[in-house]
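Per-entry structural report
Residues per chain, in single letters:
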Amino acid sequence: MDIIKQYLALCWFHVSPLQLQRSLRFFQNNLIFNFLVFFFIHFNMTDDIESISEVIIETALNLGFIGLTLWLNRSSHTFIQVSSAILFCENIVGVFLVPIMFWATVAEDFWGYALISLTLAWNWAMVAAIFKKVLDINLLAGLVMSMFYFLFSFGGGFAVNSLITG
C-alpha cells in the first residue's frame with residue numbers, strides 16, 4: 001500500500017518517477033490491471049472479442065515505446081520505474097474513465113464527453129510530466145513525447161490489429 005501512495009503523487013505532478021521505489025512485482029501488477037481495464041473499455045466500445053488482440057498489441061507497443069525511448073536516452077536501467085509510473089497513471093485514469101464512459105454513453109450529453117476529454121487531457125499531461133522528468137527535457141518536448149507515445153501505442157495498436165484481423 002505504501003508504494004501506491006508513492007506513485008499516487010505522480011498523478012498530482014509532485015514527484016519524479018526516478019525518485020520512486022523500483023518494484024518488479026508492482027510493475028507486473030500494474031501491467032495486469034492495465035490490460036484488464038483497457039480490455040474492459042475496448043470490449044464495451046466494440047463488443048468484439050478481437051479487443052483482446054488489440055489490447056495485447058497496444059500494451060506491447062506501450063512498453064516498446066518506453067523501452068526504445070529510454071534506450072535512446074541511455075537510461076534503460078529506469079525501465080521498470082518509468083513503465084510502472086506510466087502504467088500506474090493510465091490505471092488511475094482508467095478507473096475514472098470506466099464510469100465516466102458508461103455515463104457518457106447512457107446520457108449522451110455534452111458534460112459526459114467533456115469529462116472524458118478532461119480525463120484524457122489529464123492522462124496526456126501526466127505522461128508528458130513523466131517524460132519531461134525522466135528525459136530531462138522541457139514541458140513542450142514532454143507534451144510532444146506524450147503525444148507520440150499515445151499515437152504510437154494506441155494508434156499503432158489499432159492499425160496493427162486492423163491489418164491482422166482485417
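You'll find the structure just up there.
All residue numbers here refer to positions counted from 1 along the written sequence of the relevant chain. Reporting of local features is limited, given that this is a predicted model, to residues whose pLDDT is at least 70; pairs of side-chain atoms are given and counted only at 80 or more, and all residues count toward the totals for whole chains, interfaces and linings. As a rule here, side-chain values come from all non-hydrogen atoms in the structure, and water together with hydrogens is ignored.

As a further point, take the environment of Ser 84. Relative to the elements of secondary structure, Ser 84 occurs in helix α4 (residues 79-107). Expressed as a C-alpha distance, the spacing of Ser 84 and Asn 30, which sit 54 residues apart in the sequence, is 6.6 Å. Working rule for contacts: check all heavy atoms of both residues, and any pair within 4.5 Å makes them a contact. Residues contacting Ser 84, with those up to four places away along its chain left out, are Tyr 7, Ser 23, Phe 26, Phe 27, Asn 30 and Phe 79. There is a polar contact of 2.7 Å between the side chain of Ser 84 and the backbone oxygen of Ile 80. Secondary structure elements are taken from DSSP: a helix is a run of H or I of four residues or more, a strand is a run of E of two residues or more, and numbering for both begins at the N terminus. The definition of a polar contact used here is a pair of N or O atoms within 3.5 Å, where within protein one atom must be able to donate a hydrogen and the other to accept one, and adjacent residues in sequence count solely through side-chain atom pairs.

Its place among the elements puts Glu 54 in helix α3 (residues 51-72). Here the term buried applies to any residue with accessible area under 20% of the maximum for its type, exposed to any over 50%, and partly exposed to those in between, with areas from a 1.4 Å probe on protein chains only. When charges are counted, Lys and Arg contribute as positive and Asp and Glu as negative, whereas His and the chain ends are disregarded. We define a salt bridge as a contact between a side-chain nitrogen of Lys or Arg and a carboxyl oxygen of Asp or Glu at a distance within 4 Å. No salt bridge is formed by the buried Glu 54; the nearest opposite charge belongs to Arg 25, separated by 29 Å. With near-sequence residues (within four places) excluded, Glu 54 lies in contact with His 42, Gly 157, Phe 158 and Asn 161.

Our focus in this paragraph is the nonpolar core. For this analysis, a nonpolar core means a set of buried residues of the types Ala, Val, Leu, Ile, Met, Phe, Trp, Tyr and Cys, connected via side-chain atoms within 4.5 Å. Counting 27 residues, the largest nonpolar core has Tyr 7, Leu 10, Ile 86, Ile 130, Phe 131 and Tyr 149 as the members making the most contacts within it. Those elements giving two or more residues to this core turn out to be α1 (2-8), α3, α4, α5 (110-135) and α6 (139-165). Grouped together as the second largest cluster of nonpolar side chains are 7 residues, Leu 97, Ile 100, Met 101 and Ala 104 included.

In this analysis the probe radius is 1.4 Å and the grid spacing 1 Å, with only protein atoms considered; a cavity is a set of points the probe fits into but cannot get out of, a pocket is an open set with protein on both sides within 12 Å along at least five of seven lines, and lining residues have an atom within 4 Å of a point. Grid points are joined across faces, edges and corners, and a volume is the space filled by probe spheres set on the points. When its volume is computed, the largest pocket comes out at roughly 310 Å³. Lining the largest pocket are 16 residues, with Phe 38, His 42, Met 45, Leu 120 and Phe 154 sitting closest to its centre. Contributions of two or more residues to the lining of the largest pocket are made by α2 (24-46), α3, α4, α5 and α6. Among the residues forming the lining of the largest pocket, the class breakdown is 11 nonpolar, 2 polar and 3 charged. Estimated volume of the second largest pocket: approximately 150 Å³. Residue lining of the second largest pocket: Ile 4, Phe 26, Asn 29, Asn 30, Phe 33, Phe 88, Asn 91, Ile 92 and Val 95, and that is the complete set. Any residue outside Ala, Val, Leu, Ile, Met, Phe, Trp, Tyr, Cys, Pro, Asp, Glu, Lys and Arg is labelled polar, Gly included; the first ten of those are nonpolar and the last four are charged.

Let's shift gears to empty space enclosed by the protein. By the definition in use, this model includes 1 cavity of 30 Å³ or more. Lining the largest cavity, in full, are Asn 34, Phe 38, Val 55, Glu 58, Thr 59, Asn 62, Glu 90 and Phe 154. Among the elements of the structure, α2 and α3 are those that each provide at least two residues to the lining of the largest cavity. If you tally residues by element for the lining of the largest cavity, the top one is α3, at 4 residues. The residue inventory of the lining of the largest cavity, partitioned by class, reads 3 nonpolar, 3 polar and 2 charged.

This part is about the packing of α4 against α5. Two numbers describe how α4 lies on α5: the axes approach to 9 Å, and their chain directions differ by 175°. On the basis of the axis angle, α4 is roughly antiparallel to α5. Class assignment of the residues belonging to the contact of α4 with α5 gives a composition of 23 nonpolar, 4 polar and 1 charged. Think of each axis as a best-fit line through the C-alpha atoms, taken over the contacting stretch in the case of a helix, with angles from 0 to 180 degrees between the N-to-C directions. Working definition: roughly parallel below 35 degrees, roughly antiparallel above 145 degrees, roughly perpendicular at 65 to 115 degrees, and oblique for all remaining angles.

Bringing the environment of Thr 165 into the picture now. Tracing the backbone shows Thr 165 in helix α6. By relative accessible area, which is 36% here, Thr 165 ends up partly exposed. Once the C-alpha coordinates of Thr 165 and Glu 50 are considered, the two residues, 115 residues apart in sequence, prove to be 7.9 Å apart. Thr 165 has contacts with Glu 50 and Ser 53, leaving out every residue within four places of it along the chain.

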